[in-house]
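# Tertiary structure, described
Here is how the chains run, residue by residue.
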Amino acid sequence: MRHTISILLENESGALSRVAGLFSARGYNIESLTVAPTEDDSVSRMTLVTRGSDEVIEQITKQLNKLVDVIKLIDLTEGAHLERELMMVKVNVSTAYQREEIKRLVDIFRGCIIDVSDNNYTIEMTGTSDKLDAFIKVIEPTIIIEVVRSGGLGIARGNKSLRI
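So, here is what we can say about the structure in this document.

## So, the pattern of salt bridges
- Here the structure, examined in full by the defined rule, presents 10 salt bridges.
- Put simply, arginine 18 and aspartate 69 hold a salt bridge, and the shortest N to O gap is 2.4 Å. Note that arginine 18 is positioned in helix H1 (residues 15–25) and aspartate 69 in the loop between helix H2 (54–66) and strand S4 (70–75), a separation of 51 residues in sequence.
- Taking the relative accessible area as the measure of exposure, arginine 18 reaches 37% and is therefore partly exposed.
- The structure contains a network of salt bridges with shared partners spanning Arg2, Glu31, Arg51 and Glu83.

Following this line, the structure appears as structure tokens:
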């Protein structure tokens, strides 16, 4: 099962490598990893997406809690939460038909064309991983030049939050 783990950790050099090292040492895979400072410059928030059984995820969270850099963590998958990902896609639109078709698809998926050149559009899209995957599937594969994705971000719904 896919799990999204949100972690508050000290914003110090080596903290990210210790978390990644914990996963690699135990043979666990990280599907996506996003890290940025919080409103407190001394604390970073890491969002980590991985797959595993409930037992494996429990073992991962116990091991993460033992790391000295980790302040607090939560498995967002255990409760109601929101997830989003950012994607930028550069496509070749050398014909009028391709330009119109891409504009139509971008509108349907509620994306935005953020850069236009003679033969290329760069599209920005946010949403769930499934939405972004669906967008990529409906585009003709031969016109895709480049795809860049941020990885998942998550936040608990309602009053539940991850704070110090």
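## Details of the pairing of strand S2 (residues 30–37)
- Where S2 meets strand S3 (residues 43–51), 7 bridges bridge the pair, whose relative direction is antiparallel. Across the sheet, residue threonine 34 finds its bridge partner in S3, namely threonine 47.
- Hairpin connection, S2 to S3: the antiparallel pair is bridged by 5 residues.

## So, the packing of aromatic side chains
- Within the structure shown, the criterion is met by 2 aromatic pairs.
- Taken together, a centroid distance of 6.3 Å and an interplanar angle of 75° make the contact between phenylalanine 23 and tyrosine 28 edge-to-face.
- According to the relative accessible area criterion, phenylalanine 23 is buried, its value standing at 1%.
- Each ring, one from phenylalanine 109 and one from phenylalanine 135, has its centre 5.2 Å from the other, and the planes form 75°; the classification is edge-to-face. With a gap of 26 residues between them, phenylalanine 109 in the loop between helix H3 (96–108) and strand S6 (112–116) and phenylalanine 135 in helix H4 (residues 129–138) connect regions that are remote in the sequence. For the residue pair phenylalanine 109 and phenylalanine 135, the accessibility class agrees, reading buried in each case.

## Considering the side chain of threonine 50
- Within the secondary structure, threonine 50 is located in strand S3.
- Overall, the relative accessible area of 0% leaves threonine 50 in the buried class.
- Side-chain polar atoms of threonine 50 contact the backbone oxygen of asparagine 29, separated by 2.6 Å.
- Dropping the residues within four chain positions of it, threonine 50 is found in contact with Met1, Arg2, His3, Ile5, Phe23, Asn29, Glu31, Ile57 and Ile60.

## Comments concerning the sheet that holds S3
- Across the sheet, 4 strands lie side by side as S2-S3-S1-S4; this open sheet has antiparallel pairing. The outermost strands of the open sheet, each flanked by one partner alone, are S2 and S4. Along the sheet, successive strands turn relative to each other by an average axial angle of 15°, direction set aside.
- Its contacts with the sheet place H1 against strand S1 (2–10), S2 and S3, and it is angled at close to 20° to S3.
- Contacts from H2 reach S1, S3 and S4, with the element oriented near 5° to S1.

## Some details on the packing of H1 against H2
- Between H1 and H2, the least distance of the axes is 11 Å, while the angle of their chain directions is 145°. Regarding H1 and H2, the two cross each other, and that crossing is right-handed. Between H1, through Val19, Leu22 and Phe23, and H2, the contact on the second element is made entirely by Ile60, Gln63 and Leu64.
- Grouping the constituent residues of the contact of H1 with H2 by class yields 5 nonpolar, 1 polar and no charged.

About the criteria used
Residues numbered from 1 in each chain as written. Predicted model: local features only at pLDDT ≥ 70, side-chain atom pairs only at ≥ 80, totals over all residues. Heavy atoms only, no water. Salt bridge = Lys/Arg side-chain N within 4 Å of Asp/Glu carboxyl O. Helix = DSSP H or I, 4+ residues; strand = E, 2+ residues; numbered from the N terminus. Buried < 20%, exposed > 50% of the residue type's maximum accessible area, 1.4 Å probe, protein only. Pairing = 2+ DSSP bridges. Phe/Tyr/Trp six-rings, centres within 6.5 Å; stacked < 30°, edge-to-face > 60°. Polar contact = N/O pair within 3.5 Å; in protein donor to acceptor, adjacent residues only side chain to side chain. Contact = heavy atoms within 4.5 Å. Axes fitted to C-alpha atoms, helices over the stretch in contact; angles between N-to-C directions. Left-handed = near helix turned anticlockwise from the far one by under 90°. Nonpolar A, V, L, I, M, F, W, Y, C, P; charged D, E, K, R; others polar.

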